Amino acid sequence: MIKLYNTLTRKKQIFKPVKKTRNEVGFYSCGPTVYWYAHIGNLRTYIFNDLLKRVLEYNRYKVKHVMNLTDVGHLTSDADEGEDKMEKAAQKEKKTAWQIAEFYAQAFKKDIKALNIKEPGQWVKATDHIKEQIALIRILEKKGYTYRIKDGIYFDTSKIKDYGKLAGLKKRKLKAGARVKITEGKKNITDFALWKFSPKEFKRQMEWDSPWGIGFPGWHTECIAMAEKYLGIPFDIHTGAIDLIPIHHTNEIAQAQAAFGKKMANFWLHGEHLILEHGKMAKSEGNIILIDDLIKKQINPLSYRYLCLQAHYRSKLTFSWESLKSAQNALNNLYEKIAEIKSKNKMPKSDRSERFWHRDKFLSYINDDLNTPKALAFIWKLIKEDKISYELLLEFDRVLGLDLDKIKEIKIPAGIKELAEKREKYRKEKNWEKADQIRKEIEKLGFKVEDTSQGADIKKGC
Ligand SMILES: [Zn+2]
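What comes next concerns the included structure. (Residues numbered from 1 in each chain as written. Predicted model: local features only at pLDDT ≥ 70, side-chain atom pairs only at ≥ 80, totals over all residues. Heavy atoms only, no water.)

**Concerning the coordination of the zinc ion**
Piece 1. For the zinc ion, the full set of protein donor atoms is Cys 30 (SG), Cys 223 (SG), His 248 (NE2) and Glu 252 (OE), at a range of 2.1 to 2.5 Å.
Piece 2. Here the zinc ion binds four donor atoms, and the angle range of 75 to 123 degrees at the metal identifies the geometry as irregular.
Piece 3. Each donor residue of the zinc ion lies on the same chain, and together they follow the pattern C-x192-C-x24-H-x3-E. You can see Cys 30 sitting in the loop between strand E3 (24-29) and helix H1 (40-58) and its partner His 248 sitting in helix H6 (residues 245-260), a full 218 residues away along the chain. An identical accessibility class is assigned to Cys 30 and His 248; each is buried. (Donors = N, O, S within 2.8 Å, 3.2 Å for Na, K, Ca; no water. Tetrahedral: all angles 85-135°; square planar, octahedral: opposite > 155°, others 65-115°. Helix = DSSP H or I, 4+ residues; strand = E, 2+ residues; numbered from the N terminus. Buried < 20%, exposed > 50% of the residue type's maximum accessible area, 1.4 Å probe, protein only.)

**Digging into the sheet that holds E3**
Strand pairing in a sheet is mediated by backbone hydrogen bonds. Such pairs are either parallel or antiparallel.
Piece 1. Read across the sheet, five strands follow the order E5-E4-E3-E10-E11 without closing on themselves; strand pairing throughout is parallel. Two strands bound the open sheet, and with one partner strand each, they are strand E5 (122-125) and strand E11 (265-271). Taking each pair of neighbouring strands and ignoring which way they run, the sheet shows an average axis angle of 25 degrees.
Piece 2. As paired elements, E3 and strand E4 (residues 62-69) share six bridges and run parallel to each other. (Pairing = 2+ DSSP bridges. Axes fitted to C-alpha atoms, helices over the stretch in contact; angles between N-to-C directions.)

**Here's the deal with the side chain of Thr 239**
Piece 1. By secondary structure assignment, the location of Thr 239 is in strand E10 (residues 235-241).
Piece 2. A distance of 2.6 Å separates the side chain of Thr 239 from the side chain of Asn 49, its partner in a polar contact.
Piece 3. Non-local contacts of Thr 239, meaning those with residues more than four positions away in its chain, are made with Phe 27, Tyr 28, Ser 29, Cys 30, Phe 48, Asn 49, Leu 52, His 249 and Leu 269. (Polar contact = N/O pair within 3.5 Å; in protein donor to acceptor, adjacent residues only side chain to side chain. Contact = heavy atoms within 4.5 Å.)

Next up, the structure:
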């Protein structure tokens, strides 16, 4: 039984798939706008997505995961005003918008790989689905939800009774004109562009013909058109970062309701932000941290994954280099412990029924709205009490994704073993001086001996 916090109902609910008989979960996550690198704050959302997927899979669901790459239509304001992010980047980098999209899509794929985030079963690009988006807008038009102004075709949000339900606002409060000019002719402040016309003053790189004129789709239409095509609506779970709630996801819900008379997804899950001690991480603030910055500092990107697992996905996580370094230390300690457990190759101090209980306990944490901080603490407790087997650790890592299976056992060279035996002999003879001399010799060679009730234990490191 998995319980997930549903933003739509504002409570934890027991997850039940739409297709009850097939044990299949339809899962759509809003992907990146590929106009620049994803910073580690953006990537926290994708770690959360990955975790959710792994928990579902651990619970034996077949997850049909679709993620989009927004390569057109996302303007500098989420609310459809301002410049096109792709075209702006193209101008700046003196490349075509298509080259920009390709380059940053590849960079994103590289980053998620470094974080052990499983790729979605299907990547879908907005520019590959212009036809589908036009078809959706036509349905909306036929049903009377659209109107035309100078700038494009807009969705009339006043026609949706409970518009803004996801954001929990009766009437969405949007600060008009705070940063960008509100488009002239819009009937309601919350109305959004379905199709924007290409400007007359210059030629856009990305534009298409449509029944309404040459232009490009608005950002909020791609996900609903593609989710409908690949998953069918309603599907099971839709995810994104919390900043998508008030505009992007609210507008997706409105279109699904208007076009198909259905809700888009049963569960809406949102990941909280990563923050810095002195505020938000933002390109405009010049305080962006990328995965490459971690690698340059010789920090394993999985340390960042570990840091994220230490916090619940619905809590804000404050980033500092110190916190990342302690996550790195914790992860290295975990690796060391695993190498030890693997090289000992002995059964843990727990019987079968206890191990069954351990698995159950782990499951109860992750199935409680992905409570990874508790799951991690539980694993550490089992390790410290010498109660977990190598196999069970690997099984739990199917959820954590920390590469525990890649840790090699500690190979103790024959020479070191011989020295340890010699030392043991001297100890039995109570020749402490000689025994101590050999201990120092072993340490010089990068190993250490610990005396336990079962005899001497050799470990790597001093
Ligand atoms: Zn989306």
